[in-house]
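# Structure assessment
Listed below are the residues making up each chain.
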Amino acid sequence: MGSFWVYLTLGVIVSLMALGGVAVNNALEAIKLNPQDGDKPLLIHMHVTLKIIINDESLTIPKEIGIDPKLYKTHELDKYVPKKLGVYPLHTHDSSGVIHVESAVIRTFTLGQFFDVWGETFNENCIMNKCNDQLNKVRMYVDGSESFEFGDHVFKDHEIITIEYGSPRDQQQA
Ligand SMILES: [Zn+2]
């Protein structure tokens with residue numbers, strides 16, 4: 001094949017790649033997420049504080065959610081962290097309530113996804129095994145302001161999320 005045809009073919013390939021930018025990006029993401037490739041830098045590393053208050057009592061958030069196999073209930077998002085770290089992108093190290101959000105890919109992560117890996121329930125009706133009844137309600141606050149996003153809430157660095165369950169009389173501190 002003459003060099004004209006080689007260049008023409010290359011030109012067509014490059015044009016198709018430019019047109020198919022999304023496909024190219026997906027291919028690049030697939031390369032980044034190759035499990036062999038364990039030293040990709042973390043592009044997201046955020047810390048969020050979670051507080052859960054049930055009838056005026058602080059609940060201790062366990063350490064090693066998303067690390068300890070007993071507190072690692074889904075593997076749906078495993079691919080977003082280098083395999084050698086052996087953690088879920090949403091995890092705790094200690095019982096301080098600090099959630100670490102770590103990812104080799106820029107994307108959003110939600111509070112609901114944290115509860116998924118923990119294996120606990122959280123939505124507008126229930127926090128863990130405590131559900132709305134005539135007296136008690138689940139409420140959620142982000143940096144002190146009431147939020148109605150519940151599990152859909154997208155994590156932002158340094159925010160403080162408070163989930164409360166109790167009677168309206170109990171729920172004044174946030
Ligand atoms: Zn961290």
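Since the structure is predicted, the reported quantities are computational estimates derived from the model, not experimental observations. (Residues numbered from 1 in each chain as written. Predicted model: local features only at pLDDT ≥ 70, side-chain atom pairs only at ≥ 80, totals over all residues.)

Of the regular secondary structure elements, the protein holds three helices and nine strands. Look at the contacts in the protein between residues 6 or more apart in sequence, and 65% of them connect residues 24 or more apart. (Helix = DSSP H or I, 4+ residues; strand = E, 2+ residues; numbered from the N terminus. Contact = placed C-beta atoms within 7 Å.)

Take the pairing of strand β4 (residues 98-103) next. Regular strands show a simple pattern: their side chains alternate between the two faces of the sheet. As judged from the six bridges shared by strand β1 (residues 44-54) and β4, these two strands associate in the antiparallel manner. Residue histidine 45 lies in a different strand from β4, and its bridge partner there is glutamate 102. Where strand β3 (residues 90-91) lies against β4, two bridges are found, and the strand directions are antiparallel. What sits directly across from histidine 91, in β4, is histidine 100. Where β3 folds back on β4, the antiparallel hairpin that results is connected by six residues, among which glycine 97 adopts a positive phi of roughly 90 degrees. (Pairing = 2+ DSSP bridges.)

To continue, consider unusual backbone geometry. With a phi angle near 75 degrees, aspartate 56 is a residue other than glycine that sits in the positive phi range. Tracing the chain through its elements places aspartate 56 in the loop between β1 and β2 (57-59). For aspartate 56, a count of 13 C-beta atoms within 10 Å corresponds to the partly exposed category. A positive phi is found at histidine 158, a non-glycine position, where the angle reads about 70 degrees. With respect to the element layout, histidine 158 can be found in the loop between β8 (145-147) and β9 (160-166). (Buried ≥ 20, exposed ≤ 12 C-beta atoms within 10 Å, placed from the backbone.)

Here we come to the nonpolar core. Counting residues in each nonpolar core, the largest one holds 27 residues, and the members touching the most others are Leu90, Phe114 and Ile163. For this core, the elements supplying multiple residues, two or more each, are β1, β4, α3 (111-118), β7 (137-142) and β9. Ranked by residue count, the leading element in this core is α3, at five residues. Once residues lying within four places of it in the same chain are set aside, the contact partners of leucine 90 are Gly66, Ile99, Val101, Phe109, Gln113, Phe114 and Val117. (Core = buried A, V, L, I, M, F, W, Y, C linked by C-beta atoms within 7 Å.)

Moving on to the confidence of the model for the protein. Put simply, the protein has an average pLDDT of 85, and 74% of its residues get 70 or more. Low pLDDT (under 50) marks residues 22-37, which in the prediction has seven contacts with non-local residues, meaning those over four places away or in another chain. (pLDDT = per-residue confidence, 0-100.)

Moving on: the pairing of β7. Note that β7 and β9 share six bridges and pair antiparallel. When the sheet's bridge partners are listed, tyrosine 141 is paired in β9 with threonine 162. Note: β7 against β8, three bridges, orientation antiparallel. If you follow tyrosine 141 over to β8, its bridge partner there is glutamate 146.

We now examine the environment of isoleucine 65. In this fold, isoleucine 65 is placed in the loop between β2 and β3. It is 7.2 Å that separates the C-alpha atoms of isoleucine 65 and valine 117, two residues lying 52 residues apart in sequence. Ignoring sequence-local partners within four residues, the contact set of isoleucine 65 consists of Leu71, His91, Thr92, Val117 and Trp118.

Turning to α3, a few remarks are in order. α3 sits mainly inside the fold: seven of its eight residues count as buried. Phi for glycine 119, located one or two positions after α3, is positive at around 85 degrees.

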